[in-house]
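Working through the structure, step by step
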Amino acid sequence: MPKVRFKPGIEQLQGTLFDVVFKLSPQGKPIVTKRPDMTGVEWSEAQTTQRQRFKQANEYARAAMADPDVRAIYESMAANTKRQPYRLAFSDYFQGKDLLSR
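The present account deals with the structure reproduced in this document. (Residues numbered from 1 in each chain as written. Predicted model: local features only at pLDDT ≥ 70, side-chain atom pairs only at ≥ 80, totals over all residues. Heavy atoms only, no water.)

**Overview of the nonpolar core**
- Judged by nonpolar contacts, A57, Y60, A61, A64, M65, V70, Y74, A78, L88, A89, F90 and L99 together constitute the single largest core of 12 residues.
- At the level of elements, α1 (45-66), α2 (68-81) and α3 (85-95) are the ones that each hand at least two residues to this core.
- Ranked by residue count, the leading element in this core is α1, at five residues.
- Aside from chain neighbours lying at most four places away, what touches M65 is R71, Y74, P85, Y86 and A89. (Core = buried A, V, L, I, M, F, W, Y, C linked by side-chain atoms within 4.5 Å. Buried < 20%, exposed > 50% of the residue type's maximum accessible area, 1.4 Å probe, protein only. Helix = DSSP H or I, 4+ residues; strand = E, 2+ residues; numbered from the N terminus. Contact = heavy atoms within 4.5 Å.)

**With respect to the pairing of strand β3 (residues 20-24)**
- Of the strand pairs in this sheet, β3 and strand β4 (residues 30-34) are connected by five bridges, and their pairing is antiparallel. Bridge pairing in β4 places K23 opposite I31.
- From the end of β3 to the start of β4, which pair antiparallel, there are five residues, and G28 there has a positive phi angle of about 90°. (Pairing = 2+ DSSP bridges.)

**Describing the packing of aromatic side chains**
- Overall, the coordinates contain six aromatic pairs when judged by the stated rule.
- Plain terms: the ring middles of Y60 and Y93 are 6.1 Å apart, the flat faces sit at 40° to each other, and that makes the pair tilted. Of this pair, Y60 sits in helix α1 while Y93 is found in helix α3, placing the two residues 33 residues apart along the sequence.
- Positioned over the ring face of W43 is R51, at 4.4 Å from the centre of the ring. (Phe/Tyr/Trp six-rings, centres within 6.5 Å; stacked < 30°, edge-to-face > 60°. Lys NZ or Arg CZ within 6 Å of the ring centre and 35° of its normal.)

**Here's the deal with the packing of α1 against α2**
- For the pair α1 and α2, the least separation of the axes is 5 Å and the interaxial angle reads 100°. When the axes of α1 and α2 are compared, the pair comes out roughly perpendicular. Of α2, the residues touching α1 (which contributes Y60, A64, M65 and A66) are P68, V70, R71 and Y74.
- Looking at the contact of α1 with α2 residue by residue, the class counts come to seven nonpolar, no polar and one charged. (Axes fitted to C-alpha atoms, helices over the stretch in contact; angles between N-to-C directions. Parallel < 35°, antiparallel > 145°, perpendicular 65-115°, else oblique. Nonpolar A, V, L, I, M, F, W, Y, C, P; charged D, E, K, R; others polar.)

Geometric descriptors of this kind do not, in isolation, establish any biological role.
Here it is, written out as structure tokens:
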């Protein structure tokens, strides 16, 4: 169900409405797209492997954000690079940087 905030006009529209997806880019700009139809898609072995890597990166980033010491490191790094700490941890997994094993 879409979320609509009315002020002088429509301030923000986010969610899905029928086959249309409303979302915001990381820069805050609105994006309107058609909902993808993924029925009948057969994933290749490389796609399945990459999806598994993304799942593992997500698990690493969640664990890193749950650990107060590691989270503090990522928050200070994020302040310097103007990125979100979670996304830094996510990308660190792919670069082989593991701050949890310290």
